[in-house]
Amino acid sequence: MSYQDKIASQIPAEVRMLSGCHDTQTSADANITSFELPDPAGRRGGACTAALLQVLYDDRNGDPQDFQGQSWVDVLRAMRNNLAAEGFSQVPQLSSSRMIEVNDPMTIINEGGGGTKWAVLIGINYVGQNGELSGCHNDVHNITKFLTNSQGFKQENMMTLLDDGHHKEPTYRNIMDAFSWITRAAQPGDTVWIHYSGHGGRVEDQDGDEDDGYDETLIPVDFQSAGQIRDDDLLKYLVKPMREGVLMTCLMDCCHSGTVLDLPYNFIADGEHLGMEQNEKFDLGGLMEVAAGVAAAAAAAGVADDIIDECCTIL
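**Description of the side chain of T49**
Okay, step 1: Mapped onto the secondary structure, T49 falls in helix α2 (residues 47-56).
Okay, step 2: Overall, the relative accessible area of 1% leaves T49 in the buried class.
Okay, step 3: Ignoring sequence-local partners within four residues, the contact set of T49 consists of D139, I143, H195, L251 and D253.

**Remarks on the sheet that holds strand β12 (residues 265-268)**
Okay, step 1: Pairing in this open sheet of 8 strands is mixed, and the strands run β6-β5-β7-β11-β1-β4-β12-β13 from one edge to the other. The open sheet has two edge strands with one neighbour each: β6 (158-162) and β13 (277-278).
Okay, step 2: Sheet strands touched by helix α5 (residues 172-185): β5 (117-123), β6 and β7 (191-197). Its angle to β5, the strand with the most contacts, is close to 170°.

**Things to note about the packing of aromatic side chains**
Okay, step 1: The final tally for this structure, using the stated rule, is 2 aromatic pairs.
Okay, step 2: Between Y3 and Y265, the aromatic rings sit 6.4 Å apart at their centres with planes inclined by 90°, giving edge-to-face as the arrangement. On the criterion of sequence distance, the pair formed by Y3 in helix α1 (residues 3-10) and Y265 in strand β12 is long-range, its members being 262 residues apart.
Okay, step 3: A relative accessible area of 3% means that Y265 is categorised as buried.
Okay, step 4: With centroids separated by 5.7 Å and ring planes inclined at 80°, the aromatic side chains of W118 and W181 adopt a geometry described as edge-to-face. Of this pair, W118 sits in strand β5 while W181 is found in helix α5, placing the two residues 63 residues apart along the sequence.

**Regarding the pattern of salt bridges**
Between side chains of opposite charge, a pair can form as their charged atoms come close.
Okay, step 1: For the coordinates displayed, the defined rule picks out 3 salt bridges.
Okay, step 2: Residues E14 and R16 are paired through a salt bridge, measuring 2.8 Å at the closest nitrogen-oxygen approach.
Okay, step 3: By relative accessible area, E14 is classed as partly exposed at 31%.
Okay, step 4: We classify R16 as buried; its relative accessible area is 6%.
Okay, step 5: Note that D177 and R173 form a salt bridge whose closest N and O atoms lie 3.2 Å from each other. Remark: R173 and D177 occur in helix α5; sequence separation between them is 4 residues, near one turn of the helix.

**Things to note about the pairing of strand β1 (residues 14-19)**
Okay, step 1: In terms of residue burial, β1 counts as a mostly covered element, since 5 of its 6 residues are buried.
Okay, step 2: Here β1 pairs with strand β11 (residues 247-253) via 6 bridges, running parallel. Each bridged residue has a counterpart across the sheet, and for M17 the counterpart in β11 is C250.
Okay, step 3: Two strands pair when backbone bridges link them, and β1 and strand β4 (residues 93-96) are joined in this way by 4 bridges, in the antiparallel orientation. Its bridge partner lying in β4, M17 is registered against S95.

**A word on unusual backbone geometry**
Okay, step 1: Even without a glycine there, the phi angle at Y126 is positive, about 55°.
Okay, step 2: Within the secondary structure layout, Y126 lies in the loop between β5 and α4 (136-150).
Okay, step 3: For Y126, a relative accessible area of 1% corresponds to the buried category.
Okay, step 4: A positive phi is found at D262, a non-glycine position, where the angle reads about 55°.

**Focus on the packing of α2 against helix α3 (residues 72-85)**
Okay, step 1: Packing of α2 against α3 brings their axes to within 9 Å, and their N-to-C directions diverge by 120°. Between α2 and α3, the crossing angle belongs to the class labelled oblique. Here the hand of the crossing between α2 and α3 comes out right-handed. Note on element contacts: α3 touches α2 through V75, A78, M79, N82 and L83, opposite A47, C48, A51, L52, Q54 and V55.
Okay, step 2: For the contact of α2 with α3, the per-class residue count stands at 9 nonpolar, 2 polar and no charged.

Analysis parameters
- Residues numbered from 1 in each chain as written.
- Predicted model: local features only at pLDDT ≥ 70, side-chain atom pairs only at ≥ 80, totals over all residues.
- Heavy atoms only, no water.
- Helix = DSSP H or I, 4+ residues; strand = E, 2+ residues; numbered from the N terminus.
- Buried < 20%, exposed > 50% of the residue type's maximum accessible area, 1.4 Å probe, protein only.
- Contact = heavy atoms within 4.5 Å.
- Pairing = 2+ DSSP bridges.
- Axes fitted to C-alpha atoms, helices over the stretch in contact; angles between N-to-C directions.
- Phe/Tyr/Trp six-rings, centres within 6.5 Å; stacked < 30°, edge-to-face > 60°.
- Salt bridge = Lys/Arg side-chain N within 4 Å of Asp/Glu carboxyl O.
- Parallel < 35°, antiparallel > 145°, perpendicular 65-115°, else oblique.
- Left-handed = near helix turned anticlockwise from the far one by under 90°.
- Nonpolar A, V, L, I, M, F, W, Y, C, P; charged D, E, K, R; others polar.

Here you go:
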C-alpha cells in the first residue's frame, strides 16, 4: 500500500485547511476597513479572514470571484500581498489530506455541487477576560455572508458559536459537540466549511508526536476551566471521522495555526516554496496505531465487525 493510500485509509475525506501563519507565528486582530470588503460587519476582524475575503470578492459590491480563474497559489500569495500591504508579516499556508497541485483551480465546493453544504462557524472575543479580542464575531458574520450569498450555503445547515450572549457559547464541550455534529451530518458528495476565529496557542506535547515538542491548540472561551483543544483532538474527532466523499475546507484565523489539523501535506506561500510538500511532522504510524488499537479492543471484546457496522452506522 502506498503512502497516499495509507493516508486515505485513515483520513477518508478530502480535507484542506487555510491558515494565516506558521506554527510559530502570531496572527492579528486588525482594522479591516482598509481591506475594502463589501459591507463588512464592523471595523475590527482577523487579518487572515479579511485578506482571504478580499481575494474571494471581485469588488466592493460583493460579487464573488470565479474560482475557476484562481489557483491555490494565486489565492494564497494574494492573501500574503494583502497582509503585507497592511503591515502584517503573516505567511498563509495550505494544508491538505491529499497532495494538491497548487497551480490547479481553488475549489471549496464538492464536485457537481449537488450535495448539502454544511458549516460550523466559531468566533470568540473572550468578552470580559484578559486578552479580549474585538473582531472574531465580525469574522464569523463576514464569512457567513460570503457562504450564504455567494456559495449557496443555507442557515439551517450552519452552526454558529459566539460568546455574544445570543448564540451558543463556544465552550470546549460545545465546540467538540459541533465537530461531532458535522461529522455525523455530512454525507458523501457534501461540502463542509469550518471557520475558527479566536486565540490559538501552543502547549507541551503529551504523546511525543511533535518534533518541536509542542501541540498547537484552539482556545475555547472556558479554557481556564476546561483546557485547550489540541491538534491531536482535532485530527481524532474532526478530521478522521469525516466520511469518504466529503470535501471539507477549514479556515483557521488564530495564532500558531500552521499545522493545527496535523494534515500530511503543506504548502507555504512564502515565495520560496513552489508546490505542496509532505509534512515531515505528520505521524502516520501513530495514527494507524490508534486505529489498530481500537480494532483490537473491539475484537478482544468479542464484537463482530458486522455488528459494529450495523450499530455504528449513522443513518
